[in-house]
Amino acid sequence: MSEDGLDPVIHVPARLRIVVTLASLPDGDDLSFTRLQDLIGLTPGNLITHLRKLEDAGYVQTERNGSGTTARTSVALTHGGRAALDNYTTVVRQLLDSASPG
Amino acid sequence: MNAQAGMRGGAGEAAGMDVQSAAAIMREAHQRARRELRARRPVLFAAWGLVVLIGYGAMWLSVRGQHPFHGPTVPAVVTLVALFLVAAVLTAWLVDRASTGVGGPSVLQRGSFVLALAAGGFALSIFTHVVANAGADRPLVTLIGAAAPLLVVGVVFVASCAVNGMLDWPRLALGLWLLAVAAEGGWAGPVTYLAVIALAGGGGILLMAAIEPRMRRS
């Protein structure tokens, strides 16, 4: 955690978008790499880099099925990732509340 | 920092992202994901509401004043079937667009939902023909044939209203309403029944199209 309690793995715009997008799916569902890329608007290389960091933290899980032209890489938020986002959201709300006048 | 600014940073760590920016990014990403990854139910409800309102309305107009009663005319039935096909194609397109790239349990849930609607509708349409073939008179056949789609959709909606551990209130409310219209409307007799379904059934679905976003937010 950073000083203000915000998870540094999530507290990066691209990774925050990735985690929020995956969290909008029902629990247990996954999203193909290409659809995620389309929704986030990153190059494949950048998306892979961010996914690797999230995967290292245990927040997402990637799985490759098939081979050749039928290959599909899917990305899913783990329970840990969902809990981390919930915690991050709580901290953001608290910080916004404490910053608001009155 | 604006929400897009961090995106242009590619894989680089966007040091110094403030809390307001983080909240804006979360809000925007959540709204976009909901918009892109979910079939637009108000649009679907509006399409099917119009099918029921216009289709059943056309059938009612075709039987109004018939003496003796011999059932909806062919042009009226063709109108309903044509509207049904248009709405079915629109539904398939919207659902396919939203679910592209999505995998997991919800795909199976959606498949079983569609299968239940298709199998129920098919079984009841056959049963309606069986009843007609057994010598039932036209008013009875019209009552059963008119009620069948509402009964199937109502039962399937109520049976599938618990999704991912949460109650889907719009689906439950609409399912119960369609069952009530199908069951109670029949007391009005075969001619008025078609008008009841058009107005109460179709109107109910259109009303749900209007209030569904608010019900889901609350």
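Quick note: structure is the one above.
Per chain, the residues get numbers from 1 upward, laid out in the order the sequence is written. Chain letters start at A and ligand numbers start at 1, both assigned in the order the entries are written. For a predicted model such as this one, the threshold for reporting local features is a pLDDT of at least 70, and the threshold for listing and counting side-chain atom pairs is 80 or more; totals across whole chains, interfaces and linings nevertheless cover every residue.

Caption draft 1: Fine view of the sheet that holds strand β3 (residues 72-77) of chain A. If DSSP finds at least two bridges between two strands, the strands pair. Strands here are runs of E lasting at least two residues and helices are runs of H or I lasting at least four, both read from the DSSP assignment and numbered beginning at the N terminus. Across the sheet, which stays open at both edges, the 4 strands sit in the order β2(A)-β3(A)-β1(A)-β1(B) with antiparallel pairing between neighbours. Each edge of the sheet is formed by a strand with only one pairing partner; in this case those strands are β2 (60-65) of chain A together with β1 (102-103) of chain B. Sheet topology places β2 of chain A next to β3 of chain A; 6 bridges connect them, and they run antiparallel. Bridge assignment links Thr62 of chain A to a residue of β3 of chain A, and that residue is Val75 of chain A. Where helix α1 (residues 13-23) of chain A meets the sheet, it contacts β1 (30-32), β2 and β3 of chain A, and its direction lies at approximately 85° from that of β3 of chain A. Residue pairs qualify as contacts under a 7 Å threshold applied to their C-beta atoms, which are placed from the backbone. A fitted line through C-alpha atoms represents every axis, and for helices the fit uses only the stretch in contact; the resulting angles, taken between N-to-C directions, go from 0 to 180 degrees.

Caption draft 2: Structural context of the packing of helix α6 (residues 138-159) of chain B against helix α7 (residues 169-184) of chain B. Residues and elements named next belong to chain B. Axis separation between α6 and α7 bottoms out at 8 Å; the angle between their running directions is 150°. Classified by the angle their axes make, α6 and α7 are roughly antiparallel. The two elements α6 and α7 meet at a crossing, and its hand is left-handed. Where α6 abuts α7, its residues Ala147, Leu150, Leu151, Val153, Gly154, Phe157 and Val158 lie against Arg171, Leu172, Leu174, Gly175, Leu176, Leu178, Leu179, Val181 and Ala182. Polar here means any residue outside two lists: the nonpolar Ala, Val, Leu, Ile, Met, Phe, Trp, Tyr, Cys and Pro, and the charged Asp, Glu, Lys and Arg; Gly therefore counts as polar. A class-by-class count of the residues in the contact of α6 with α7 yields 13 nonpolar, 2 polar and 1 charged. We call two directions roughly parallel when the angle between them is under 35 degrees, roughly antiparallel when it is over 145, roughly perpendicular when it lies between 65 and 115, and oblique otherwise. When the near helix sits turned anticlockwise from the far one by under a right angle, the crossing is termed left-handed; a clockwise turn instead gives a right-handed crossing.

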